[in-house]
Amino acid sequence: MVLKNPKLARVAKGARLELVPLQVLVPVVSTIIALGIGLLIITATGASVVEAIEAFWDGMAGSDFNIGASINRAISLALVGLGFIFASRANLTNVGGEGQIAMGGMLATAAALHGAGGLPLGLAFIVPLAVGTIAGAVWGGLAGFLKAARGTNEVISTLLLSFIALPLVYWSVESFHLLRKPISDVSSLPESAEIPDSTKLPLLFPDNGSPLHIGLLIAAIAVVVVWLVLKHSTLGLRLRAVGLNATASRRAGMRTSFYVILAMTVSGGLGGLGGAIMILGQQFYLTSDFSSGYGFDGLVVGLLSRGSAVGVVIGALLFGFLRSGSINMEISAHVPSAVVLICQGLIVIVIAGSAILTNRKVTR
Amino acid sequence: MALLELSGLTKRFGAFTALDDISLLIERGEVHCLLGENGAGKSTLCNLVFGVHRPDGGTMTLAGEPFDPRGPAEALQRGVVMVHQHFSLVPNMSVAENLMLGRASAVLKPQDIIVRMEQLAAEYGLEIAPEARIDELSVGERQRVEIIKCLLGDPQLLVLDEPTAVLQPDEIDALLAICRQVALRGKSVILVTHKLGEISRVADRTTVLRQGRIIETVGMEGADIRSLVRSMVGRDVQSAGSVLAAAVDIEGKTPAKPTNAAGPVSPGEAVLQISDLVYRDPHGVPRLDGLSLTVGTGEIVGIAGVEGNGQTELGLILAGLAAPSAGAIVVGGTSVAACTPQEITDAGVGIVPEDRHAVACIKELSVAENLFLGAIGKFSRFGLLDKSARRKAAQTMMRDFDVRASSPDVSMASLSGGNQQKAVLARELSLDPLVFLLAAQPTRGLDLGAIEAVYNRIRAARDDGLGVLLISSELEELMAVSDRIAVIYRGKLVGELAAGAFSREAIGAMMSGHAHV
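Note that this is a predicted model, so its numbers are computed, not measured.

Here we look at unusual backbone geometry
Residues and elements named next belong to chain B.
- A cis amide bond, omega 0°, links aspartate 432 with the succeeding residue proline 433.
- Its place among the elements puts proline 433 in the loop between helix 15 (417-429) and strand 19 (436-440).
- Notably, aspartate 21 is not glycine yet its phi reads approximately 55°, a positive angle.
- By secondary structure assignment, the location of aspartate 21 is in strand 2 (residues 16-26).

Observations concerning the domain arrangement of chain B
All names here are of chain B.
- In terms of domain boundaries, chain B breaks down into domain 1 (4-236) and domain 2 (270-364 + 411-511).
- The interface is formed by 7 residues belonging to domain 1 together with 11 residues belonging to domain 2.
- In terms of residue class, the side of domain 1 that touches domain 2 is built from 3 nonpolar, 2 polar and 2 charged.

Comments concerning the nonpolar core
- The biggest cluster of nonpolar side chains holds 191 residues, and the ones touching the most others in it are Ala78, Leu82, Ala263 and Leu280 of chain A together with Leu470 and Val487 of chain B.
- Looking at which element gives the most residues to this core, the answer is helix 11 (residues 256-283) of chain A, with 14 residues.
- Among residues more than four places away in sequence, those in contact with leucine 82 of chain A are Ala222, Val223, Val226, Leu270, Ala309 and Val312 of chain A.
- By size, the runner-up hydrophobic cluster in this structure holds 62 residues, among which are Val31, Leu34, Ile113 and Ala203 of chain B.

Section: the environment of glycine 327 of chain B
Residues and elements named next belong to chain B.
- With respect to the helices, strands and loops of the structure, glycine 327 is situated in strand 14 (residues 326-331).
- Glycine 327 gets classed as partly exposed once you count the C-beta atoms within 10 Å, which come to 18.
- Counting along the chain gives 241 residues from glycine 327 to histidine 86, while the straight-line C-alpha distance between them is 34 Å.
- Apart from residues lying up to four places away in sequence, glycine 327 is in contact with Ile274, Ser275, Asp276, Leu277, Val278 and Ala337.

Considering the environment of histidine 32 of chain B
Residue and element names in this part refer to chain B.
- Among the structural elements, histidine 32 can be located in strand 3 (residues 31-35).
- Measuring from C-alpha to C-alpha, the distance between histidine 32 and alanine 203 comes to 5.7 Å, with 171 residues separating the pair along the chain.
- Beyond its immediate sequence surroundings of up to four residues, histidine 32 is in contact with Ile26, Ser188, Val189, Ile190, Ala203, Asp204, Arg205 and Thr207.

Some thoughts on the sheet that holds strand 21 (residues 484-489) of chain B
Residue and element names in this part refer to chain B.
- Across the sheet, 6 strands lie side by side as 16-19-20-13-21-22; this open sheet has mixed pairing. Of all strands in the sheet, those bounded by a partner on one side alone are strand 16 (349-352) and strand 22 (492-498). In this sheet, adjacent strand axes meet at a mean angle of 20° when their direction is disregarded.
- Alignment of strand 13 (residues 299-304) against strand 21, held across 4 bridges, turns out to be parallel. Pairing of glycine 302 across the sheet is with isoleucine 485, part of strand 21.

A closer look at the interface of chain B and chain A
- Of the residues lining the interface, 25 residues belong to chain B; the matching set on chain A comes to 20 residues.
- Listed by contribution, the elements that provide at least two residues to the side of chain B that touches chain A are helix 11 (341-346), helix 12 (356-360) and strand 18 (384-385) of chain B.
- Considered class by class, the residues forming the side of chain B that touches chain A number 15 nonpolar, 8 polar and 2 charged.

Quick look at the confidence of the model for chain A
Residues and elements named next belong to chain A.
- When pLDDT is averaged along chain A, the result is 83; 89% of the residues meet or exceed 70.
- Considering only residues more than four positions removed or in separate chains, one finds that residues 1-20, a stretch of pLDDT under 50, has 24 contacts.
- Low pLDDT, under 50, characterises residues 360-364; the predicted model gives this stretch 6 contacts beyond four residues in sequence or across chains.

Concerning the pairing of strand 22 of chain B
Residues and elements named next belong to chain B.
- Bridging between strand 21 and strand 22 involves 6 bridges; their strand directions are antiparallel. The residue of strand 22 that forms the bridge with isoleucine 485 is leucine 497.
- Linking strand 21 to strand 22, which pair antiparallel, is a turn of 2 residues; within it arginine 490 sits at a positive phi near 50°.

As for helix 14 (residues 387-400) of chain B
All names here are of chain B.
- For helix 14, built from 14 residues, the straight-helix expectation of 20 Å at 1.5 Å per residue is met to within 8% by its first-to-last C-alpha distance of 20 Å.
- Turning to helix 14, its buried residues number three or more, namely Arg390, Ala394, Met397 and Met398. Within helix 14, the buried residues cover an arc of 100° as seen down the axis, which keeps them to one side. Turned more than 90 degrees from where helix 14 packs its buried face, Ser388, Arg399 and Asp400 sit exposed.
- At its buried positions, helix 14 is contacted by helix 13 (367-371), strand 18 and helix 15.
- Positive backbone phi, approximately 55°, marks aspartate 402, located one or two places after helix 14.

Reading the values: rules and limits
- Just so you know, the residues in each chain are numbered from 1, in the order the chain's sequence is written.
- Working convention: letters from A go to chains and numbers from 1 go to ligands, in the order in which they are written.
- Side-chain atom pairs in this predicted model are given and counted only at pLDDT of 80 or more, local residue features only at pLDDT of at least 70, and totals for whole chains, interfaces and linings cover all residues.
- Numbering goes from the N terminus for both helices and strands, where a helix is a DSSP run of H or I of at least four residues and a strand is a run of E of at least two.
- Those domain boundaries reflect an automatic or database domain assignment.
- Here the contact rule is simple: place C-beta atoms from the backbone, and any two residues whose C-beta atoms are within 7 Å are in contact.
- Classes in brief: Ala, Val, Leu, Ile, Met, Phe, Trp, Tyr, Cys and Pro nonpolar; Asp, Glu, Lys and Arg charged; the others, Gly included, polar.
- Residues enter a nonpolar core if they are buried, belong to Ala, Val, Leu, Ile, Met, Phe, Trp, Tyr or Cys, and are joined to the set through C-beta atoms within 7 Å.
- Three exposure classes are used, based on other C-beta atoms lying within 10 Å of a residue's own C-beta, which is placed from the backbone: buried for 20 or more, exposed for 12 or fewer, and partly exposed in between.
- A pair of strands is considered paired only if DSSP assigns at least 2 bridges between the two.
- In this description, a line fitted to the C-alpha atoms serves as the axis of each element, helices being fitted only across the stretch in contact, and the angle between N-to-C directions of two axes falls anywhere from 0 to 180 degrees.
- Per-residue confidence from the predictor is given as pLDDT, running between 0 and 100.
- Here, expected helix span is obtained from the residue count minus one, scaled by 1.5 Å.
- Each direction from the helix axis to a C-beta atom contributes to the arc, which is the arc of those directions.

This is how it looks when you write it as C-alpha cells:
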C-alpha cells in the first residue's frame with residue numbers, strides 16, 4: 001500500500017531525481033531474484049530445470065500464436081490495472097477487479113448470444129463490449145455509491161461484490177433458462193453456447209495464425225486516455241484533490257460524492273471491458289471460472305505500477321507472458337503452475353518491500 | 001550551583017538540526033522563560049530535558065550529577081516533571097483517581113492523595129475538588145490538575161510547554177502566580193512561551209532561541225522587551241507598528257487604548273446577518289444556542305471566547321461544511337444557511353478556516369493548484385489543464401500577496417505556515433464577488449512577520465469595504481485588530497464592546513460567563 005501512504009508518497013516525489021534509476025532497477029532486480037527462487041523450487045520438485053525453462057519460454061513466446069496469446073492476456077490485465085490506478089487517483093482502492101471482470105464477461109456473453117450477433121458494421125462486437133463495460137461500471141459504481149452515501153470502505157465492498165458476482169456467473173451457466181447451452185450431445189458442461197462469429201473480436205493478423213485481436217488497440221486507447229485524464233485533465237486534478245483531502249475539496253466547491261462514485265464507476269467499467277474482451281477475443285463462451293485470477297493479477301499490476309499508466313502496460317505484459325509460460329510449463333514439463341504463482345507473489349513482495357526501503361533511506 | 005546544566009546539546013531530525021550546540025544554566029529557584037518563534041526549538045529542548053527525545057550530542061547535568069534520561073520515567077525519578085500542551089488525563093475519572101494513576105505502588109491510598117492535595121492547595125493556592133470528574137472541569141482546571149500531578153512527587157524542576165495558550169486571562173494570571181510560588185520554594189521552572197507580556201510578568205531570566213540556537217539569555221530586571229523581540233525575530237519590528245506590537249503584547253501590559261485609530265469607524269449596511277443560529281452536534285448537544293450577529297461593510301468584528309464555546313462550529317457553518325439546526329444566515333441579501341460551499345462562495349464569502357491543513361489547503365498539491373483549488377476549470381481547454389497559464393496567474397498572485405516559494409509548482413507542504421496562510425488569503429481575497437471574509441484563528445502558529453502580513457491584509461480588506469468576522473482565541477489580537485468585539489460563551493453572544501471601550505478585564509469576565517457590561 002505504498003500508494004496510500006501520503007508521507008511516503010511525498011518523500012518519493014521529493015526525491016524523484018535520486019529514485020529514477022532505482023525505480024527501474026528495483027523491479028528488474030526483484031523479478032530476477034524471484035525467478036531465481038522459482039528455479040530453486042523447480043529443482044526441489046525434481047523436474048528438469050532445463051526442460052522447465054524451455055517449456056516456459058516456449059509458452060511465453062515460442063511462436064506467433066503464443067506471443068499473441070500472451071499479449072491477449074496482458075490486454076485484460078492492463079484494463080483492470082488501469083481501472084485500479086484510476087480509482088487510486090482518488091485514493092480509492094478497487095480490489096474488486098475479479099467481480100467487475102465477471103459481470104462484464106457475463107453480460108457481454110448475454111448480449112452476444114441474444115441479439116447482438118445480427119448487427120451490422122461491427123456493432124455485433126461493439127455492443128457486447130459496451131454492455132460488458134456498463135456492467136462492470138455498475139458493479140464498481142455500486143461500491144462508489146456505498147462509499148459516498150454510507151462511508152462503506154471500498155476495499156470491503158468491492159471484495160464482497162466480487163463474492164456476489166462470481167456465483168452469479170456460476171448460476172448463469174448452470175441454468176438453462178439463463179446462459180447455459182442446451183444439451184445437444186454428450187458434453188453438457190456448465191457453460192454457455194459459443195458466441196456467434198460476428199461478435200468475436202476481429203484479429204489483427206488473421207493470416208499468420210496469431211490470436212492477437214483488436215483488443216490491443218482498445219487497450220492502447222484506454223492507456224492514452226487514462227494517462228491524459230490522470231496527468232493532464234481537470235478531472236484528474238479534482239480526483240486527486242478529493243482523494244487527498246475531501247474536506248478541503250468540498251470547501252473549494254467540489255462535489256466530493258460525485259467524484260468518488262465517478263472514480264469507482266470508471267474503474268469498474270475498465271474491469272468490465274477487460275472481462276468482455278476475454279470472452280469476445282479468446283474464450284468465446286462463458287464458463288463459471290472464466291475470470292480465474294485475472295482480477296487479482298490486474299490488481300497487482302495496478303499496485304506495482306505506482307499510479308503510472310506506462311507502469312501498468314509493463315506490468316500487464318510481464319504478468320501476461322508469465323501466465324502463458326506457466327501454463328505451458330505445467331503441460332509440457334509437468335511443473336506445477338503454482339511455482340509461477342509463487343514467483344509472482346515474490347516479485348510483488350520484493351518490489352513493494354524494496355520500494356519502502358529505498359524511500360526510507362531517502363528520509364533519514 | 002545551578003540545578004540543571006546543559007552543555008553543547010544538539011538534536012537533529014534527519015537532515016534538520018532542531019537544536020544546535022545549546023549551553024544553558026537553570027538556577028535553583030528561578031523561573032526561566034524560553035522564548036522563540038514556532039520551530040525555534042523550544043519544545044525540542046523541553047523534550048530532551050524530559051527524556052522524550054535523546055540528544056545527538058552534548059551533556060546534561062542535574063544537581064551536579066550526569067543526567068541522561070532514557071525516557072520520561074527516568075526523568076520523573078530524578079525529579080524533573082513536565083506539563084505538555086496536550087493533557088494526559090482520563091476524562092471520565094475523578095481528579096484523585098487521575099492523580100493516583102502511574103504513581104500508585106501496589107496499594108492505592110486515596111486518603112494520602114487527598115492529604116497531599118490539601119498541602120499543595122495551602123502552599124500554592126492550587127485549589128481543586130478531589131472528587132470532581134475531569135470532563136466536568138474547565139481547561140484551566142484540568143491544567144491545574146496536571147500541575148498538581150507534577151508537584152505531588154516534590155520535583156526539582158517543573159517544565160511547562162506553552163501552558164498559557166489554552167487559558168483565559170484570569171487563568172493565565174493564576175498560572176503565572178503559581179509559577180512564582182513554585183520558584184519561591186527553591187524549585188526551578190522552565191516556561192515555554194511566545195507571549196512577551198507573560199515574560200515580563202513572571203520570568204527571572206529569559207533565553208531567546210532562534211533556529212535552534214541560543215541568541216541570548218538575559219536577566220529580566222531592566223530588560224528591554226523590544227530588544228528581546230529583535231533577538232527572537234532576527235529583525236527590528238519597530239516598523240511593524242502599534243497593531244502588531246499590541247497584538248503580540250510586546251508592551252507587556254494591556255494596551256491602554258485601542259490602537260487602530262485609522263480606518264473607518266462607522267460601519268455601513270449589514271453584509272452578514274446571523275439570526276438565532278442553533279447547531280446541535282450529532283449527540284444532540286447544542287454547540288450554538290441562538291447566536292445572533294451582524295457584520296457591516298467596512299468593519300472588523302472580533303469574536304472572543306475560550307475555545308470550545310461554539311467558535312469552531314460557527315466557522316464550519318459559515319464555510320458550508322456543517323448545516324445549522326435552526327436559524328438564518330444572510331449575506332448581502334442571499335440566504336446561505338445550509339448552502340453548499342460553492343453557493344456560499346458564489347454569494348461573495350471568503351473563508352480563512354481555523355484548521356489550515358484540514359480545510360484550507362491540500363498540502364500534497366502544488367502552490368498553484370491550491371491557489372486555484374476552487375477554480376480548477378478556469379485554466380483548461382477541452383478538459384485538459386493549461387498549466388502554463390495557471391502558473392503565470394499563480395506567479396502574479398504570489399507576488400501580490402508576498403507568498404514566498406521557489407516556484408508555483410512546489411508542494412504546499414514545503415511552505416512555511418506563514419506562506420501557506422498568505423496563499424490561503426490570496427485565494428480567498430481574490431474571489432469575485434467578495435463582500436464578506438471570515439478569518440478564524442488566522443495567525444495561529446505563524447511567526448511575527450506573517451502575523452503582521454495577515455493583519456495588514458485583513459485591515460486592507462476592511463478598508464476596501466468588506467465585512468470581516470475575526471474569530472480568535474488571542475485576546476490581544478482581537479483588541480488590536482477589531483472595530484468591535486463580541487464575546488461568545490456556550491454558543492451565545494453574551495456581550496459586545498465597541499472600539500474605544502475594550503478592556504481586558506471586561507472581556508475576560510464575559511468569556512468566563514460572568515454578567516456583561
